[in-house]
Amino acid sequence: MKIAVLPGDGIGTEIVAEAVKVLRALDLQIEMEEAKVGGAAYEAHGHPLPESTLKLAKQADAVLFGAVGDWKYDKLERSLRPEQAILGLRKHLELFANFRPAICYEELTHASSLKPELVAGLDILIIRELTGDIYFGQPRGRRSAPDGAFAGQPEAFDTMRYSRPEIERIAHVAFQAARKRGKKVTSVDKANVLETFQFWKDVVTEVHTQYPDVELEHMYVDNAAMQLVKAPKKFDVLFTGNMFGDILSDEAAMLTGSIGMLPSASLNARGQGLYEPSHGSAPDIAGQGVANPLATILSAAMMLRFSLNQPEAAERIDRAVKSVLAQGLRTADIYSDGTTKVGTKEMGDAVVARLKAQD
Ligand code: NAD
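Counting restarts for each chain: residues are numbered from 1 in the order of the written sequence. The model is predicted, so local features are restricted to residues of pLDDT at least 70 and side-chain atom pairs to those at 80 or more, both for listing and for counting; the totals for chains, interfaces and linings are taken over all residues. Water and hydrogen atoms play no part in the side-chain values, which are based on all heavy atoms of the structure.

Considerations on the overall build of the chain
Note the threshold: Think of it this way: any DSSP run of H or I at least four residues long counts as a helix, any run of E at least two long counts as a strand, and we number them from the N terminus. For the radius of gyration, the atoms used are the C-alpha atoms, and the globule rule reads 2.2 Å times the number of residues raised to 0.38. Categorising residues by exposure relies on relative accessible area from a 1.4 Å probe, with only protein chains included: less than 20% of the type maximum marks a residue as buried, more than 50% marks it as exposed, and the intermediate range marks it as partly exposed.
Helix and strand content of the chain: twelve helices and 14 strands. For 359 residues, the compact-globule estimate of 2.2 N^0.38 gives 21 Å, and the chain sits close to it at 20 Å. Principal-axis analysis of the C-alpha atoms gives the chain an extent of 65 × 50 × 40 Å. Here the chain holds 359 residues, and the buried ones make up 54% of them.

Brief notes about the environment of Arg 142
This is how it is decided: Only heavy atoms enter the contact rule, under which two residues are in contact if any of them lie within 4.5 Å.
Among the secondary structure elements, Arg 142 is positioned in strand β6 (residues 141–144). Classification of Arg 142 as exposed rests on a relative accessible area of 78%. For the pair Arg 142 and Ala 156, spaced 14 residues apart in the sequence, the C-alpha separation amounts to 4.2 Å. Every residue in contact with Arg 142, bar those within four places of it in the chain, is listed here: Glu 155, Ala 156 and Phe 157.

Some details on helix α3 (residues 51–59)
Applied cut-off: Arc, as used here, means the arc of the directions from the helix axis to the C-beta atoms.
Turning to α3, its buried residues are Thr 53, Leu 54, Leu 56 and Ala 57. Across the axial projection of α3, the buried residues extend over an arc of 160°, all falling on one side. Within α3, the exposed residues directed more than 90 degrees away from the buried face are Glu 51, Lys 55 and Gln 59. Those residues of α3 that are buried are in contact with β1 (2–8), β2 (31–34), β3 (62–67) and α4 (83–92).

Topic: the packing of helix α11 (residues 311–326) against helix α12 (residues 344–358)
Rules: Lines fitted to the C-alpha atoms define the axes, with helices restricted to the stretch that makes contact. Angles between their N-to-C directions range from 0 to 180 degrees. For classification, angles of less than 35 degrees are called roughly parallel, those exceeding 145 degrees roughly antiparallel, those between 65 and 115 degrees roughly perpendicular, and all remaining angles oblique. Each crossing gets its hand from how the near helix is turned against the far one by less than a right angle, where anticlockwise is left-handed and clockwise is right-handed. Any residue that is not Ala, Val, Leu, Ile, Met, Phe, Trp, Tyr, Cys, Pro, Asp, Glu, Lys or Arg is counted as polar, Gly included; the first ten are nonpolar and the last four charged.
Relative to each other, α11 and α12 sit at 120°, their axes nearing to 9 Å. Judged by the angle between their axes, α11 and α12 are oblique. As for the relative orientation of α11 and α12, their crossing is right-handed in sense. Facing α11, whose interface residues are Arg 316, Ile 317, Arg 319, Ala 320, Val 321, Ser 323 and Val 324, α12 presents Met 347, Ala 350, Val 351, Arg 354, Leu 355 and Gln 358. Among the residues making up the contact of α11 with α12, the classes are represented as eight nonpolar, two polar and three charged.

Here's the deal with the domain arrangement of the chain
The test is simple: A domain assignment, automatic or from a database, supplies the domain bounds used here. Values labelled buried area give the accessible surface lost by two parts on being combined, using a 1.4 Å probe and summing over both. Each salt bridge in this description consists of a side-chain nitrogen of Lys or Arg and a carboxyl oxygen of Asp or Glu lying within 4 Å of one another. Definition of a polar contact: a pair of N or O atoms within 3.5 Å, with one able to donate and the other able to accept a hydrogen when the atoms are protein atoms, and with sequence-neighbouring residues admitted only if both atoms are side-chain atoms.
When the domains of the chain are assigned, the result is domain 1 (1–96 + 268–359) and domain 2 (99–259). Summarising the inter-unit geometry, the C-alpha centres of domain 1 and domain 2 are found 24 Å apart. Listed by partner, the interface residues are 19 residues for domain 1 and 18 residues for domain 2. Here domain 1 and domain 2 share an interface that buries about 1,700 Å² over both sides, 69% of which is from carbon and sulfur atoms. The largest contributions to the domain 1 side of the interface with domain 2 come from Arg 90, Phe 96 and Ser 278, which together make up 37% of the buried area. Counting across the interface, domain 1 meets domain 2 through zero salt bridges. At the boundary of domain 1 and domain 2, one finds two residue pairs in polar contact (both at pLDDT 80 or more). Of all the secondary structure elements, the ones that give two or more residues to the side of domain 1 that touches domain 2 are α4, α10 (294–306) and α11. The greatest single-element share of the side of domain 1 that touches domain 2, amounting to four residues, is contributed by α10. Here the residues of the side of domain 1 that touches domain 2 are counted per class, giving ten nonpolar, three polar and six charged.

Right under this line is the structure:
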């Protein structure tokens with residue numbers, strides 16, 4: 001088993017170090033090779049996704065990714081900005097299926113921005129298509145408006161598009177994932193306004209005929225945004241396109257207390273995957289040793305489960321994380337009265353200690 005370790009920028013280096021520590025504590029035969037990505041790679045090699053980093057990622061069974069980005073790169077031309085590294089990895093590795101569980105741990109119900117009774121026991125799986133939609137659609141750019149009331153004025157445009165095979169393959173992923181859970185898929189679209197999403201809805205409905213044991217519901221994205229804060233527990237698998245998924249998964253993250261708790265997996269058809277926390281590089285707290293490493297540690301558990309075929313090791317990490325929360329240990333983002341505040345490293349050490357206690 002070989003994994004590419006790409007810590008990136010900001011808190012990325014701090015949290016990935018803890019996840020690596022946890023993986024090492026499992027005593028598995030995992031070869032890990034580290035490379036720069038994002039702003040750190042731009043500084044060292046002049047590009048956020050250097051050839052050497054991409055090559056390493058392609059050769060590995062899985063990529064453990066931290067986060068990229070910093071405000072100081074905002075003025076760089078778009079192709080050189082750190083965030084392009086993520087888009088590049090998704091594209092080159094064909095990581096079309098993004099899994100983001102939003103689980104509210106019993107100990108953290110009060111850390112949610114919603115009332116505890118709305119989130120207690122929350123367990124949603126968001127499945128987001130990751131390589132299509134308006135984020136990758138061509139053409140895009142700036143031009144002089146060709147027509148309309150503002151003809152001749154400068155304008156910018158992007159293209160929203162989805163092909164039938166792209167929708168079909170992610171719909172299969174969603175229905176198959178639902179089969180292993182609550183057997184319900186909510187497909188989120190904007191079919192009332194967008195042609196692309198009427199097509200999405202039609203194709204998802206067709207694919208559903210192969211999964212009669214799974215319930216399918218269609219929901220407009222504006223309603224989904226509302227239902228997520230009104231009655232989030234009615235979702236099982238929330239399934240949607242790239243842009244809607246980007247927004248709704250961050251909204252769902254907040255239901256669980258902190259974005260610092262949420263792992264994610266992005267997979268291709270070969271089972272190769274990129275595993276990363278759902279949050280960014282948090283430049284506001286970088287270098288302070290206070291970031292929550294649990295989302296990254298839980299991402300490492302997803303990696304063991306989905307790409308490295310080590311479900312028992314994954315289960316051990318999940319149990320160790322639950323156990324440190326039950327012990328009352330909290331990083332600043334999930335801290336509340338009566339619990340013990342710890343830093344990034346202490347949290348990683350505590351997870352390792354729980355793993356050793358399981359031995
Ligand atoms: P962010 O997720 O980095 O931070 C949002 C807020 O959440 C901040 O207050 C931050 O302190 C807090 N936070 C995030 N992770 C945390 C953790 N593990 N522990 C405790 N608190 C945590 O989002 P942002 O501030 O909008 O973006 C910062 C940079 O990250 C930008 O350059 C952005 O482009 C980039 N970004 C990268 C990714 C990625 O690498 N996948 C994702 C989102 C944003």
